[in-house]
Amino acid sequence: SGKEVAAALVQGVELVGGALLDTKEVGAPPTEVVSAALQISVAKRDPALLDAAPFTVPASPSGRVSAAQVGMPQGVTNGLGLGVGEAVGTTLWSSTADNVHGVDMGLARGGSPTLAFSLSVNGIDLHIKELPTPIQLKLDVYNPIDPGSTCVGAPTGKVLFEGANNGHSPCTTIERCEYFDTVLQQYSTEGCDTAPHTAPQRQPRARQALQPCALKS
């Protein structure tokens, strides 16, 4: 079934990422695995340096550079009880495969490749939640967003008013980030704040360990 195929894809990425992390040195350049439909980047960083630079999606075999990336706030591992000298393994992957979890998406369609990011120590996932400053995920959309008919994120009164003043249609299409809730086995927007790239500090907010996220419309 589609769900079984999707589960095999996610499991395969996790196995590859785990194997690469086992031999990764702290602070070394990321190890990248790329294909036309899937890009993986694996690294190990000192916990204090997780926010030093964004984690970026590797270029595709054709040379196309993705705009997608993950930016970490300071102190993301505070309170997790990491031991002295323990490094944090990071696995970032992006896929253009449609519906990587094989679940019913209703009328929504994918507006960007799926972006997934995880943190682990010694092969055990770190569960990040309730951060005072959000983790920022920048997504690489398939098509340019038309501000004349498309709202990015939930349409607010201010957005609708400004759009009307500019002669725009009232959100014919809505682009929003959703993540896959592994407990409920469905996509969710809870805890996510979607905004244009030009608006700082308002990218999707992580309330729990980050699961594959993609822009939906």
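Chemist: I'd like a rundown of the overall build of the protein chain, residues and numbers included.
Modeler: Scanning the protein chain from terminus to terminus reveals two helices and 12 strands. When the helices and strands of the protein chain are read in sequence order from the N terminus, they spell out α-β-β-β-β-β-β-β-β-β-α-β-β-β. Among the 217 residues that make up the protein chain, the fraction classed as buried is 39%. Long-range pairs, those at least 24 residues apart, make up 66% of the contacts in the protein chain with a sequence separation of at least 6. In the form shown here, the protein chain has an accessible surface area of approximately 11,900 Å², with 54% of it arising from carbon and sulfur atoms.

Chemist: Please set out the side chain of K24 residue by residue, giving values where relevant.
Modeler: Tracing the backbone through its elements, the reader meets K24 in the loop between α1 (2-22) and β1 (31-34). In this structure, K24 is buried with no salt-bridge partner, the nearest side chain bearing the opposite charge being E25 at 8.2 Å. In terms of polar contacts, K24 uses its side chain to reach the side chain of T31, at 2.7 Å.

Chemist: Can you explain the environment of A195? Please cite residues and give values.
Modeler: Along the chain, the position of A195 falls in the loop between β11 (186-188) and β12 (213-216). Residues A195 and C151 lie 44 residues apart in sequence; the distance between their C-alpha atoms is 9.2 Å.

Chemist: I'd like a description of the pattern of salt bridges, backed by residues and values.
Modeler: Counted by the stated rule, this structure contains two salt bridges. The partner of R64 in a salt bridge is D140, and the shortest N-O contact between them spans 2.9 Å. With R64 in the loop between β3 (55-56) and β4 (69-71) and D140 in the loop between β8 (136-138) and β9 (150-152), this pair connects stretches of sequence that are 76 residues apart. The partner of E178 in a salt bridge is R176, with the nearest N and O atoms 2.9 Å apart. Judged by relative accessible area, R176 falls into the partly exposed class, the value being 40%.

Criteria and cut-off values
Residues numbered from 1 in each chain as written. Predicted model: local features only at pLDDT ≥ 70, side-chain atom pairs only at ≥ 80, totals over all residues. Heavy atoms only, no water. Helix = DSSP H or I, 4+ residues; strand = E, 2+ residues; numbered from the N terminus. Buried < 20%, exposed > 50% of the residue type's maximum accessible area, 1.4 Å probe, protein only. Contact = heavy atoms within 4.5 Å. Areas by Shrake-Rupley, 256 points an atom, 1.4 Å probe, with all protein chains shown as cover. Lys, Arg positive; Asp, Glu negative; His and termini not counted. Salt bridge = Lys/Arg side-chain N within 4 Å of Asp/Glu carboxyl O. Polar contact = N/O pair within 3.5 Å; in protein donor to acceptor, adjacent residues only side chain to side chain.

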